[in-house]
2 protein chains.
Amino acid sequence: MVTYKGQISKAVIRRLPKYRRCLNELIKKGITKVSSSELADLMGYTASQIRQDLNNFGGFGQQGYGYSVDKLYEEIDRILGLNKSYNKIIVGFGRLGQAMGSYIINSEPNLRIVGIFDVKQTIQSAEHDEFKDAQVMTCKSIISFVKENPVDIALIAVPSYKAQVVAETVVEAGVKAIWNFTAVDLDLPDDIKIQDIHAADSLYALAYYINEK
Amino acid sequence: MVTYKGQISKAVIRRLPKYRRCLNELIKKGITKVSSSELADLMGYTASQIRQDLNNFGGFGQQGYGYSVDKLYEEIDRILGLNKSYNKIIVGFGRLGQAMGSYIINSEPNLRIVGIFDVKQTIQSAEHDEFKDAQVMTCKSIISFVKENPVDIALIAVPSYKAQVVAETVVEAGVKAIWNFTAVDLDLPDDIKIQDIHAADSLYALAYYINEK
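This is a predicted model, so every value here is computed, not measured.

A.B. asks: Summarise the sheet that holds strand E8 (residues 193-196) of chain B; cite the residues concerned and give the values.
C.D. replies: Residues and elements named next belong to chain B. The six strands lie next to each other as E5-E4-E3-E6-E7-E8, forming an open sheet whose pairing is parallel. Whereas interior strands pair on both sides, the edge strands pair on one side only; in this sheet they are strand E5 (135-138) and E8. When strand polarity is set aside, the average angle formed by the axes of neighbouring strands in this sheet is 20°. Pairing analysis gives six bridges linking strand E3 (residues 86-91) to strand E4 (residues 111-118), with the strands arranged parallel. Residue pairing in the sheet places Lys-88 in a bridge with Ile-113 of E4. Contacts between helix H5 (residues 95-107) and the sheet are confined to E3, E4, strand E6 (153-156) and strand E7 (177-180), with E4 contributing the most and set at about 165° to the helix.

Have a look at this one:
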């Protein structure tokens, strides 16, 4: 049992998925243990940074042995809450919503897409076998659907001009976590958890680094 | 003319697109000047943080007046290099590649998609009028195409297992900047600029915050 040392910084939480990805690669290669300096090499961090990160969760490395890859991977899953299942809806089912839906079905077994919402035309053009387990509805049904079906996460991939209204609707329906793929910074109550994929931000950063002297 | 005070931290670069987005909203509303405390309210930062960020670029606010919205927006564009044009290729033209291609065409006028690469079947199913200005080819043509057509940025949206090979190919062809939409941490020479959209990372962070006590 790991003891957490109080609140964990956002920066550490941001790095954990990268640890998970790296450890997953090691598992695939059949590697069972890893030192902090090996992890540092693989991830481009310093060994001291890595030890500091993992110490946030009470450590679980052993001096002179390093970390058990399986155990570290499992612990990170547990820390991130990936050992649980989540019900999810997708609001906005254009190409981006479909792409993410397909990713979830193929790569995230503990996420269940229970409902898909969009305008009528998009829904018709998007009726694929791949999404046959999810109910597909127009956005008018969001509130009644969520009130009857517990939903943990709403993925929002509607056009920007609809983003705020749609987000307010899912929050009104009772959803507490939003995975936001629109270009908008949503203005929602403080208790709502939001993670933004503002793809353009990284594009602009790329432009900056291209021009950096 | 703004004087830059040495190297700018990655954290500041990461925040600049958010400033830009916020200023763009103000421009749309016809607002012409803004104080650091107003910006702080809108963006959820402190006024001191905002002054500190903008001071990296030599300031350009005026005591008692605040910032000219237009001028600040323009300066941020210039800092980010968004006052220039970029030639771009898309490698991997499934739903995600198409979604991002469509976004670029509709929202990023200074990015020109010059080439699109994928396997044959995907290309055929993806031949939309929307992308008629770009040459569409199989991945075998990447090297010859890039050698004849200057390409600034490659957007990579292929399946994960192909990501590293594709990235090495575009780098071999001479592309220096990669916008990576695969789940893979690419291993490339240090002079190659990479920005990753690891969507799953933010999903896992969301799972963490849902469970946070």
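Still more to cover.
A.B. asks: Lay out the relation of the copies chain A and chain B with the relevant residues and their values.
C.D. replies: The two chain copies are related to each other by a rotation about an axis together with a translation along it. Relative to chain B, chain A is turned by 180° and slid 0.0 Å along the rotation axis, the superposed coordinates differing by an RMSD of 0.0 Å. What the rotation and shift describe, once combined, is the action of a two-fold rotation axis. A share of 100% of the interface residues of chain A reappears at the interface of chain B, consistent with the copies meeting face to face through the same patch.

A.B. asks: Describe in detail the environment of A:Ser85, supporting the description with residues and values.
C.D. replies: Among the secondary structure elements, A:Ser85 is positioned in the loop between helix H4 (69-80) and strand E3 (86-91). Among residues more than four places away in sequence, those in contact with A:Ser85 are A:Asn110 and A:Asp152.

A.B. asks: Outline H4(A), supporting the account with residue identities and numerical values.
C.D. replies: Under the 1.5 Å per step criterion, the end-to-end length of H4(A) is 16 Å for twelve residues, consistent within 8% with the ideal 16 Å. Listing the buried residues of H4(A) in full gives A:Val69, A:Leu72, A:Tyr73, A:Glu75, A:Ile76, A:Asp77, A:Ile79 and A:Leu80. The inward-facing, buried residues of H4(A) abut helix H1 (10-28), strand E1 (33-34), helix H2 (36-43), helix H3 (47-55) and strand E2 (67-68) of chain A together with helix H9 (199-211) of chain B. Looking at the residues trailing H4(A), positive phi occurs at A:Gly81, about 80°.

A.B. asks: Outline the pairing of strand E7 (residues 177-180) of chain A, listing residues and values.
C.D. replies: All names here are of chain A. Side-chain alternation along E7 places Ala-177 and Trp-179 on one buried face and Ile-178 and Asn-180 on a second face that is also buried. Across four bridges, the pairing between strand E6 (residues 153-156) and E7 is parallel. Across the sheet, Leu-155 pairs through a bridge with Trp-179, a residue of E7. Remark: the E6/helix H8 (residues 160-173)/E7 crossover connection has right-handed handedness.

A.B. asks: Residue-level account of the confidence of the model for chain A, with values.
C.D. replies: With 89% of its residues at a pLDDT of 70 or more, chain A has an overall mean of 89. On the interface metric, ipTM, the complex scores 0.89, and its pTM is 0.89.

A.B. asks: Which residues make up the interface of chain A and chain B, and what are the values?
C.D. replies: Interfaces are often sized by the amount of accessible area the parts lose when they come together. Between chain A and chain B, the residue contacts involve 55 residues of the former and 55 residues of the latter. Taken together, both faces of the contact between chain A and chain B bury some 4,900 Å²; the carbon and sulfur share is 62%. Its largest share of buried area at the contact with chain B, chain A owes to A:Arg95, A:Tyr204 and A:Tyr208, together 16% of the area lost on that side. Our enumeration of links across chain A and chain B arrives at six salt bridges. For the salt bridge of A:Arg95 with B:Glu130, the shortest nitrogen-to-oxygen distance reads 2.8 Å.

A.B. asks: Just give me the short version of the domain arrangement of chain A, but keep the residues and values in it.
C.D. replies: Parsing chain A into structural domains produces domain 1 (10-80) and domain 2 (86-201). Look at where the C-alpha atoms of domain 1 of chain A and domain 2 of chain A centre, and you get two points 32 Å apart.

A.B. asks: Outline the pattern of salt bridges, supporting the account with residue identities and numerical values.
C.D. replies: Applying the stated criterion across every chain yields a total of 16 salt bridges over all chains. Put simply, A:Asp191 and A:Lys176 hold a salt bridge, and the shortest N to O gap is 3.4 Å. Placement of the pair is A:Asp191 in the loop between E7 and strand E8 (193-196) and A:Lys176 in the loop between H8 and E7, with a sequence separation of 15 residues. We classify A:Lys176 as partly exposed; its relative accessible area is 46%. Here the salt bridges share partners, and the residues they tie into one network are A:Arg21, B:Asp185 and B:Asp201.

A.B. asks: Tell me about a positive patch on the surface, and please be specific about residues and values.
C.D. replies: A cluster of like positive charges, contributed by A:Lys10, A:Arg14, B:Lys10 and B:Arg14, occupies part of the molecular surface. Elements represented by at least two residues in the positive patch include exactly H1 of chain A together with helix H1 (10-28) of chain B. Given a relative accessible area of 64%, B:Lys10 falls into the exposed group.

Calculation criteria
- Residues numbered from 1 in each chain as written.
- Chains lettered and ligands numbered in written order.
- Predicted model: local features only at pLDDT ≥ 70, side-chain atom pairs only at ≥ 80, totals over all residues.
- Heavy atoms only, no water.
- Pairing = 2+ DSSP bridges.
- Helix = DSSP H or I, 4+ residues; strand = E, 2+ residues; numbered from the N terminus.
- Axes fitted to C-alpha atoms, helices over the stretch in contact; angles between N-to-C directions.
- Contact = heavy atoms within 4.5 Å.
- Least-squares fit on C-alpha atoms with pLDDT ≥ 70 in both.
- Expected span 1.5 Å × (residues − 1).
- Buried < 20%, exposed > 50% of the residue type's maximum accessible area, 1.4 Å probe, protein only.
- Right-handed = clockwise from strand over helix to strand, strands pointing away.
- pLDDT = per-residue confidence, 0-100.
- Buried area = accessible area lost by both parts, 1.4 Å probe.
- Salt bridge = Lys/Arg side-chain N within 4 Å of Asp/Glu carboxyl O.
- Domains from an automatic or database assignment.
- Patch = residues over 30% accessible without salt bridge, like charges linked within 9 Å, V, L, I, M, F, W, Y side chains within 5 Å.
- Areas by Shrake-Rupley, 256 points an atom, 1.4 Å probe, with all protein chains shown as cover.
- Lys, Arg positive; Asp, Glu negative; His and termini not counted.
- Charge placed at Lys NZ, Arg CZ, Asp CG, Glu CD.

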